[in-house]
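Each chain, written out:
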Amino acid sequence: GNSVTQMEGPVTLSEEAFLTINCTYTATGYPSLFWYVQYPGEGLQLLLKATKADDKGSNKGFEATYRKETTSFHLEKGSVQVSDSAVYFCALSDGSSNTGKLIFGQGTTLQVKP
Amino acid sequence: DTEVTQTPKHLVMGMTNKKSLKCEQHMGHRAMYWYKQKAKKPPELMFVYSYEKLSINESVPSRFSPECPNSSLLNLHLHALQPEDSALYLCASSQDADGYGYTFGSGTRLTVV
């Protein structure tokens, strides 16, 4: 079945450090890939997305590239801020199944210290 | 309007109570979802409604009963819950049931006592 694996956290960085959160997936067909962010006490917000191989999603300084050959969708940001502290979820959707179901990774907690 | 609105934000209920969670969207989305999220875990799909019809029930216990009165509203009726049902309940919607372009609500934090 389809699955998503994320690096375990927490990830603790100093402000302005470079961020990478690894995400790999297993899926049949050609899934769409997403990164969601969840701030404390809130719901999930879509951070970025990619629908086909070699697509690059970007938003608010975050980037991720859909790599079919390595089945990966790693999240990167060049300079993190304290306000980026949150839980980040990698997710996939197998559009061909027509279920609308999102499959999430376990989540990675990011803590950015001033 | 680009939001999914959930009410209430917090709910405390006893194991013999009956309560309902509500979700509303006015984006014209035809698919709506209920997810359950336990602390420090990813969301888990409970139900999917597509064009106001229940299309997926992920083997959820019958003490959770979903309802979609119209294309903008989604309810989750709760009855005889257990303490382990305490969680954040998230509603989401998307244009179609293809998993693309989800919008999540802020959730209802449910505590069963």
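Look up: the structure comes first, before these words.
Residues numbered from 1 in each chain as written. Chains lettered and ligands numbered in written order. Predicted model: local features only at pLDDT ≥ 70, side-chain atom pairs only at ≥ 80, totals over all residues. Heavy atoms only, no water.

A.B. asks: So what exactly am I meant to see when it comes to the overall build of chain B here?
C.D. replies: Across its full length, chain B holds zero helices and 11 strands. For chain B, the sequential pattern of α-helices and β-strands runs β-β-β-β-β-β-β-β-β-β-β. Considered along the principal axes of its C-alpha atoms, chain B spans approximately 35 × 25 × 20 Å. Taken over 113 residues, chain B has a buried fraction of 49%. In chain B, the proportion of contacts linking residues at least 24 apart, taken out of those at least 6 apart, comes to 55%. Roughly 5500 Å² of accessible area belongs to chain B as shown, and the carbon and sulfur atoms make up 49% of that amount. Where the 12 positive side-chain charges of chain B centre and where its 11 negative ones centre are 9 Å apart. (Helix = DSSP H or I, 4+ residues; strand = E, 2+ residues; numbered from the N terminus. Buried < 20%, exposed > 50% of the residue type's maximum accessible area, 1.4 Å probe, protein only. Contact = heavy atoms within 4.5 Å. Areas by Shrake-Rupley, 256 points an atom, 1.4 Å probe, with all protein chains shown as cover. Lys, Arg positive; Asp, Glu negative; His and termini not counted. Charge placed at Lys NZ, Arg CZ, Asp CG, Glu CD.)

A.B. asks: Help me out: how do you make sense of the sheet that holds strand β9 (residues 75–77) of chain A in this one?
C.D. replies: Pairing between sheet strands relies on hydrogen bonds along the backbone, with the strands arranged either parallel or antiparallel. Residue and element names in this part refer to chain A. The strand order across the open sheet formed by four strands is β3-β9-β8-β7, and the pairing between neighbours is antiparallel. The sheet is open, and its two edges are formed by β3 (19–21) and β7 (56–59), each paired on a single side. Mean inter-strand twist for the sheet, computed between neighbouring axes without regard to direction, equals 15°. (Pairing = 2+ DSSP bridges. Axes fitted to C-alpha atoms, helices over the stretch in contact; angles between N-to-C directions.)

A.B. asks: Hey, could you run me through the interface of chain A and chain B in this one?
C.D. replies: How big an interface is tends to be expressed through the accessible area that disappears when the partners come together. Counting residues at the interface gives 21 residues for chain A, matched by 22 residues for chain B. Contact with chain B buries surface across chain A, with Leu44(A), Gly100(A) and Lys101(A) losing the most and accounting together for 25% of the total. For the salt bridge of Lys101(A) with Glu58(B), the shortest nitrogen-to-oxygen distance reads 2.8 Å. Between chain A and chain B we count five residue pairs in polar contact (both at pLDDT 80 or more) in total. It is strand β5 (residues 32–38) of chain A that contributes the most residues to the side of chain A that touches chain B, four residues altogether. Its residues placed into classes, the side of chain A that touches chain B shows six nonpolar, 12 polar and three charged. (Buried area = accessible area lost by both parts, 1.4 Å probe. Salt bridge = Lys/Arg side-chain N within 4 Å of Asp/Glu carboxyl O. Polar contact = N/O pair within 3.5 Å; in protein donor to acceptor, adjacent residues only side chain to side chain. Nonpolar A, V, L, I, M, F, W, Y, C, P; charged D, E, K, R; others polar.)

A.B. asks: How should the pairing of strand β6 (residues 53–57) of chain B be read in this particular structure?
C.D. replies: A regular strand carries its side chains on alternate faces of the sheet. Pairing geometry for strand β5 (residues 44–50) of chain B and β6(B), over four bridges, is antiparallel. Across the sheet, residue Tyr49(B) finds its bridge partner in β6(B), namely Leu54(B).

A.B. asks: Just to check I follow, could you spell out the sheet that holds strand β3 (residues 18–25) of chain B for this structure?
C.D. replies: Residues and elements named next belong to chain B. Read across the open sheet, the four strands follow the order β1-β3-β8-β7; overall the sheet is antiparallel. Where the open sheet ends on each side, the last strands, each with one partner, are β1 (4–7) and β7 (64–70). Between one strand axis and the next, the sheet turns by 20° as a mean value, whatever way the strands run. Relative to strand β8 (residues 73–79), β7 runs antiparallel, the two sharing five bridges. Residue pairing across strands places Glu67 opposite Asn75, the latter belonging to β8.

A.B. asks: How do you make sense of the packing of aromatic side chains when you look at a structure like this?
C.D. replies: Two aromatic rings, taken as a pair, are described by how far apart their centres are and by the angle between their planes. The tally for this structure, following the rule as stated, stands at 14 aromatic pairs over all chains. Look at Phe34(A) and Tyr36(A): their rings are 6.1 Å apart centre to centre, the planes differ by 40°, and that puts the pair in the tilted class. Neither Phe34(A) nor Tyr36(A) differs from the other in exposure class; each is buried. When the centroid spacing of 6.0 Å and the interplanar angle of 80° are considered together, the rings of Phe89(A) and Phe104(A) count as edge-to-face. In this pair, Phe89(A) is assigned in strand β10 (residues 86–93) and Phe104(A) in strand β11 (residues 102–104), connecting sequence segments 15 residues apart. The pair Phe89(A) / Phe104(A) is uniform in exposure class, with both members buried. By way of ring pairs, the aromatic residues Phe34(A), Tyr36(A), Phe89(A), Phe104(A), Tyr33(B), Tyr35(B), Tyr102(B) and Phe104(B) are connected into one cluster. (Phe/Tyr/Trp six-rings, centres within 6.5 Å; stacked < 30°, edge-to-face > 60°.)

A.B. asks: Would you mind going over the layout of surface pockets with me for this structure?
C.D. replies: A water-sized probe, rolled over the atoms, reveals where empty space remains. Taken as a whole, the largest pocket spans an internal volume of roughly 520 Å³. Forming the walls of the largest pocket are 23 residues, and the residues nearest its centre are Gln38(A), Val87(A), Gln37(B), Ala39(B) and Lys40(B). Going through the elements one at a time, β10 and β12 (108–113) of chain A together with β9 (87–94) of chain B are the ones with two or more residues in the lining of the largest pocket. The dominant element in the lining of the largest pocket, judged by the number of residues it contributes, is β12(A), at four residues. In the lining of the largest pocket, the residues fall into nine nonpolar, nine polar and five charged. (1 Å grid on protein atoms, 1.4 Å probe; cavity = no way out; pocket = protein on both sides within 12 Å on 5 of 7 lines; lining within 4 Å. Points joined across faces, edges and corners; volume = space filled by probe spheres on them.)

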